[in-house]
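# Secondary and tertiary structure notes
Here is how the chains run, residue by residue.
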Amino acid sequence: MVSKNCIFCKIARGEIPGDMVYEDDDCVAFRDINPQAPTHVLVIPRKHIEGLAETEPEDQELLGKLVAVAARVAEQEDLVESGYRVVINWGEDAGMAVPHLHLHVLGGRKMSWPPG
Ligand code: AMP
Ligand code: ZN
């Protein structure tokens, strides 16, 4: 399933440009347009899912795949030794802005905890 007017669906379909770092049949990863760390990559499913709270039991395998791709991207970006963070925002309090499920892979600087 794709959504016609969704910006991330359009990037996944190649209709608008993205700075791609990884692609396979199920998901794509591209650099965030407004990076919050020296490395900031978004991993998304090709399937349009609004976000984590909208996932179904049938999406379990895909969710596992997305996390595995996040780890692969972090390795590709040489972040394993220094460390990295994987974040999924949902809803207003978390500041979710784009309603297509995405995992942020952030690294290349020291990060604080708890997150702001
Ligand atoms: P979130 O707040 O979790 O919904 O994150 C949405 C992220 O998408 C933000 O970090 C934006 O900078 C990023 N973003 C929005 N539009 C684009 C785009 N066209 N290409 C790359 N990243 C984008
Ligand atoms: Zn979408």
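In this report, we go over the structure that sits alongside the text. The shown structure was predicted, so the numbers you read here are calculated from the model rather than taken from an experiment.

This part is about the environment of G18. Looking at where G18 falls in the secondary structure, it is placed in the loop between helix 1 (7-13) and strand 1 (20-23). The spatial distance from the C-alpha of G18 to the C-alpha of V28 is 9.9 Å, given a sequence separation of 10 residues.

So, about the coordination of the zinc ion (ligand 2). Every protein donor of the zinc ion (ligand 2) is accounted for by C6 (SG), C9 (SG), H48 (ND1) and H100 (ND1), and the metal-donor separations fall at 2.0 to 2.3 Å. Because the angles between the 4 donor atoms bound to the zinc ion (ligand 2) fall within 105 to 118°, the donor set is best described as tetrahedral. Here the donor residues for the zinc ion (ligand 2) map to a single chain with the spacing C-x2-C-x38-H-x51-H. With C6 in the segment before helix 1 and H100 in the loop between helix 3 (91-94) and strand 5 (103-107), the pair connects residues that are 94 residues apart, well separated along the chain. Residue classification places C6 among the buried positions, given a relative accessible area of 7%.

Counting residues in hydrophobic clusters, the biggest one holds 17 residues, and the most contacted among them are Y22, A29, V43, L66 and V73. Only strand 1, strand 2 (27-31), strand 3 (39-45), helix 2 (60-76) and strand 5 provide two or more residues apiece to this core. Apart from residues lying up to four places away in sequence, Y22 is in contact with C27, V28, A29, V69, R72, V73 and Q76. Among the nonpolar cores identified, the runner-up in size contains 10 residues, and F8, A12, V28 and I44 belong to it.

Around ligand 1 lies a shell of 16 residues, among which D32, N89, A97, H102 and H104 are the nearest. H102 is positioned with one of its side-chain polar atoms (N or O) 2.7 Å from an oxygen atom of ligand 1. Alone, ligand 1 offers 510 Å² of accessible surface; in the complex the protein occludes 83% of this. For the shell around ligand 1, the elements supplying multiple residues, two or more each, are helix 1 and strand 2. Broken down by element, the shell around ligand 1 gets its largest block of residues, 3 residues, from helix 1. Here the residues of the shell around ligand 1 sort into 9 nonpolar, 5 polar and 2 charged.

Reading the values: rules and limits
Residues numbered from 1 in each chain as written. Chains lettered and ligands numbered in written order. Predicted model: local features only at pLDDT ≥ 70, side-chain atom pairs only at ≥ 80, totals over all residues. Heavy atoms only, no water. Helix = DSSP H or I, 4+ residues; strand = E, 2+ residues; numbered from the N terminus. Donors = N, O, S within 2.8 Å, 3.2 Å for Na, K, Ca; no water. Tetrahedral: all angles 85-135°; square planar, octahedral: opposite > 155°, others 65-115°. Buried < 20%, exposed > 50% of the residue type's maximum accessible area, 1.4 Å probe, protein only. Core = buried A, V, L, I, M, F, W, Y, C linked by side-chain atoms within 4.5 Å. Contact = heavy atoms within 4.5 Å. Near = heavy atom within 4 Å. Polar contact = N/O pair within 3.5 Å; in protein donor to acceptor, adjacent residues only side chain to side chain. Areas by Shrake-Rupley, 256 points an atom, 1.4 Å probe, with all protein chains shown as cover. Nonpolar A, V, L, I, M, F, W, Y, C, P; charged D, E, K, R; others polar.

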